[in-house]
Amino acid sequence: MSVPELKAGDKNIPTSLQTRCPEVIKGFEATYGAKPDFVARSPGRVNLIGEHIDYADFSVLPLAIDVDMLCAVKVLDEKNPSITLSNDDKRFAQRKFDLPLDGSFVTIDPSVSDWSNYFKCGLHVAHEFLKEIAPAKFSNAPLAGLQVYCKGNVPTGSGLSSSAAFICAVALAVIKANMGESYHVSKKDLTRITVVAEHYVGVNNGGMDQAASVCGEEDHALYVEFKPELKATAFKFPELKNDDVSFVIANTLVVSNKFETAPTNYNLRVVEVTAAANVLANKFGVVLKHVGASNLNKGNLRDFMNAYYARYHNTPEPWDGDVTTGIERLTKMVELVEEALGNKKEGFTVEETAAALNCSKEEFTKDYLTTYPVRFQVLKLYQRARHVYTEALRVLEALKVMTGTKFDSDEDFFKAFGGLMNQSQASCDKLYECSCPETDKICEIALGSGSYGSRLTGAGWGGCTVHLVPSSSVESVKKALINDFYKVKYPNITDAELNDAIIVSKPALGSCLCEL
Ligand code: NG1
Ligand code: MG
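Every residue gets a number counted from 1 within its own chain, in the order that chain's sequence is written. By the order in which they are written, chains take letters starting at A while ligands take numbers starting at 1. Only residues with pLDDT of at least 70 are given local features in this predicted model, and only at 80 or more are side-chain atom pairs given and counted; all residues enter the totals for whole chains, interfaces and linings. In computing side-chain values, all of the structure's heavy atoms are included and hydrogens and water are not.

### Some thoughts on the domain arrangement of the chain
One can read the domain layout of the chain as domain 1 (5-236 + 507-515) and domain 2 (266-433). Residue contacts follow a heavy-atom distance rule, with two residues in contact if any of their heavy atoms lie within 4.5 Å. The partner domain 2 presents 36 residues to the 26 residues of domain 1 that form the contact. Two parts lose some accessible area (1.4 Å probe) when they are put together, and adding that loss for both gives the buried area. Summing both sides of the interface, domain 1 and domain 2 together bury roughly 2,600 Å²; the carbon and sulfur share of this comes to 66%. It is Tyr55, Phe58 and Asn204 that lose the most area in domain 1 upon contact with domain 2, and together they represent 28% of the buried surface on that side. For the purposes of this description, domain bounds are those given by an automatic or database domain assignment.

### Digging into the site of ligand 1
If a single non-hydrogen atom of a residue is within 4 Å of a molecule or strand, that residue counts as near it. The local shell around ligand 1 holds 17 residues, among which Glu51, Asp54, Asp209, Lys258 and Tyr266 are the closest. Contact between ligand 1 and Asp209: a nitrogen atom at 2.6 Å from a side-chain N or O atom of the residue. In short, Shrake-Rupley with a 1.4 Å probe defines the accessible areas, and a residue's cover is counted only from the protein chains shown. In the complex, 97% of the free accessible area of ligand 1, which totals 440 Å², lies under the protein chains. Any residue that is not Ala, Val, Leu, Ile, Met, Phe, Trp, Tyr, Cys, Pro, Asp, Glu, Lys or Arg is counted as polar, Gly included; the first ten are nonpolar and the last four charged. Partitioning the shell around ligand 1 into residue classes produces five nonpolar, six polar and six charged. Any pair of N or O atoms that falls within 3.5 Å is considered a polar contact. Within protein, one atom must be able to donate a hydrogen and the other to accept it, and sequence-neighbouring residues count only if both atoms are side-chain atoms.

### Quick look at the nonpolar core
What we call a nonpolar core is a set of buried Ala, Val, Leu, Ile, Met, Phe, Trp, Tyr and Cys residues that are connected through their side-chain atoms within 4.5 Å. Summary of the burial criterion: residues with accessible area below 20% of their type's maximum are buried, those above 50% are exposed, and those between are partly exposed, where the area comes from a 1.4 Å probe applied to protein chains only. Core analysis: the biggest nonpolar cluster contains 145 residues, and Leu48, Phe58, Ile175, Leu301, Phe304, Leu341 and Tyr389 have the highest contact counts within it. Composition of this core by domain shows at least three residues from each of domain 1 (5-236 + 507-515) and domain 2 (266-433). With residues near it in sequence (within four places) discarded, Leu48 still touches Leu61, Pro62, Leu63, Ala221, Phe237, Phe247, Met402, Phe417, Met421, Arg455 and Val466. Of all hydrophobic cores here, the second largest spans 16 residues; its members include Ala250, Val469, Val477 and Ile502.

### Some remarks on helix H10 (residues 323-341)
Secondary structure follows DSSP: runs of H or I at least 4 residues long count as helices, runs of E at least 2 residues long count as strands, and numbering of each begins at the N terminus. Multiplying 1.5 Å by the helix residue count minus one yields the expected span of that helix. In a regular helix each residue adds 1.5 Å, so 19 residues correspond to 27 Å; H10 covers 26 Å between its end C-alpha atoms and thus fits that length. All of the buried residues in H10 are Gly326, Ile327, Arg329, Leu330, Met333, Val334, Leu336, Val337, Ala340 and Leu341. If you check the start of H10, you find a side-chain oxygen 3.4 Å away from the backbone N of Thr324, and it comes from Asp322.

### Comments concerning helix H2 (residues 115-133)
Taking 1.5 Å per residue, 19 residues should reach 27 Å; H2 reaches 28 Å between its end C-alpha atoms and fits that length. Burial of H2 is extensive: 14 of the 19 residues sit out of reach of the surface.

### Observations concerning the packing of H2 against helix H5 (residues 187-195)
In this analysis, axes come from line fits to C-alpha atoms, helices being fitted only over the stretch in contact, and the angle between any two N-to-C directions falls in the range 0 to 180 degrees. Their axes nearest at 9 Å, the elements H2 and H5 cross at an angle of 125°. The angle between H2 and H5 places the two elements in the oblique class. Along this stretch, H2 crosses H5, giving a crossing that reads as right-handed. For the pair H2 and H5, the contacting residues are Val125, Ala126, Phe129 and Glu132 in the first and Asp189, Arg192, Ile193 and Thr194 in the second. In what follows, roughly perpendicular refers to angles from 65 to 115 degrees, roughly parallel to angles under 35, roughly antiparallel to angles over 145, and oblique to any angle outside these ranges. Crossing handedness is defined as follows: a turn of the near helix away from the far one that is anticlockwise and smaller than a right angle gives a left-handed crossing, while the clockwise case is right-handed.

Written out as structure tokens, the structure reads:
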């Protein structure tokens with residue numbers, strides 16, 4: 001399926017776009033004194049369940065939301081092409097850089113934190129894609145120069161993937177600008193290329209955010225699978241008898257800046273689960289085979305599950321995503337984690353991890369701790385692996401609740417799905433240690449005022465929370481959060497800030513182009 005190309009004036013384009021397209025065009029004209037050629041757009045996302053398992057290749061359940069990033073673009077015709085970037089948000093100052101004349105990639109310095117770096121990530125992966133599909137045209141010649149004006153309303157550092165929204169919009173814009181009349185890109189290709197884009201700024205992420213941002217569909221959640229191949233299946237929530245399903249997204253307003261925190265948070269977790277997979281492999285005498293890009297090129301917990309079944313069972317095929325088989329195999333993995341790592345809950349030092357991997361301390365440091373630097377005392381292999389396998393199980397259970405199960409009453413549905421979300425939160429908090437006191441407080445208040453399932457969403461350590469709420473209870477949950485959380489924790493909060501802090505969004509359309 002292709003990334004949709006919409007006409008700005010059409011009646012059937014999403015309402016958020018109808019209002020926001022004219023705004024970004026106006027900003028472009030005020031900045032550059034000319035009209036843009038087109039607008040590229042990509043939304044943020046909220047993840048309903050399946051946290052920190054995308055980088056172990058386990059499926060997740062996000063949906064795109066109707067906050068997004070719009071990039072208005074004019075393609076320039078000059079001899080010395082350059083890119084000028086402006087942002088409607090004046091915290092992000094204008095940037096300009098030249099494009100290499102020989103067609104080589106623009107350099108990205110991951111040691112500096114600047115918004116233009118995210119643009120360059122999108123530019124880079126789009127450039128690679130262009131070289132892949134039209135080598136004759138893009139091997140030795142520069143990319144087209146651009147003027148770009150960005151306007152986004154995904155809160156940054158809040159777990160709603162402002163970064164993925166930006167990078168996906170940029171990659172789409174660059175492809176469109178450079179291919180002109182012959183422009184075409186599928187959702188699958190746009191997802192595939194953007195999944196690795198943030199690696200260039202030092203975040204060793206999985207692919208959930210980009211898949212959700214690119215593939216989102218109005219009124220649908222997405223079941224995103226990474227293996228055997230990347231696939232996003234859209235589906236609707238079950239029809240309820242008396243109510244509707246709403247998701248309330250509440251921002252803790254605790255900002256988690258990945259650039260600063262990755263060495264002790266996100267990237268460290270990637271190291272821990274990768275080490276856990278390899279320690280398990282070593283204990284059970286199997287070799288991990290990983291197909292495709294992997295976060296540390298080392299094999300992950302899904303690879304361990306496959307290797308284990310290949311060696312010890314008469315059903316040796318890698319797991320193909322079938323739900324019943326998945327539940328059976330993941331349950332077995334939870335037992336193995338208990339058996340192999342359960343006696344070292346205090347964690348592994350560098351020396352102990354190296355010993356468990358049968359390698360030297362130096363080898364371990366080189367293979368695991370240097371590409372993306374991390375800081376820690378011990379690696380909590382047991383807790384992290386247990387979280388990943390149980391969370392992957394909960395996603396499969398949630399999928400069954402959403403698609404297969406018949407419920408006698410609305411309440412039965414809310415209890416079943418919400419219960420899984422609550423278990424996910426407990427696991428994120430206790431085993432993965434990615435919650436924070438503000439998240440815990442918000443969840444407690446929401447659960448006490450009408451939510452059936454409350455949890456952090458995205459990487460955590462602050463950022464946003466998501467709550468499963470019957471539509472008839474949305475107002476009571478909002479009111480409780482305002483009075484018991486926001487006004488208590490942030491006494492000077494304004495109405496406008498409150499308005500931005502709580503979002504009730506319907507599932508939105510993913511990436512698209514708007515022809516003007
Ligand atoms: P956030 O922090 O919300 O962008 C991150 C990762 C995801 C996924 C989630 C946790 C990036 C770009 N994204 O999301 O791939 O691992 O955390 O489930 O780092
Ligand atoms: Mg992000």
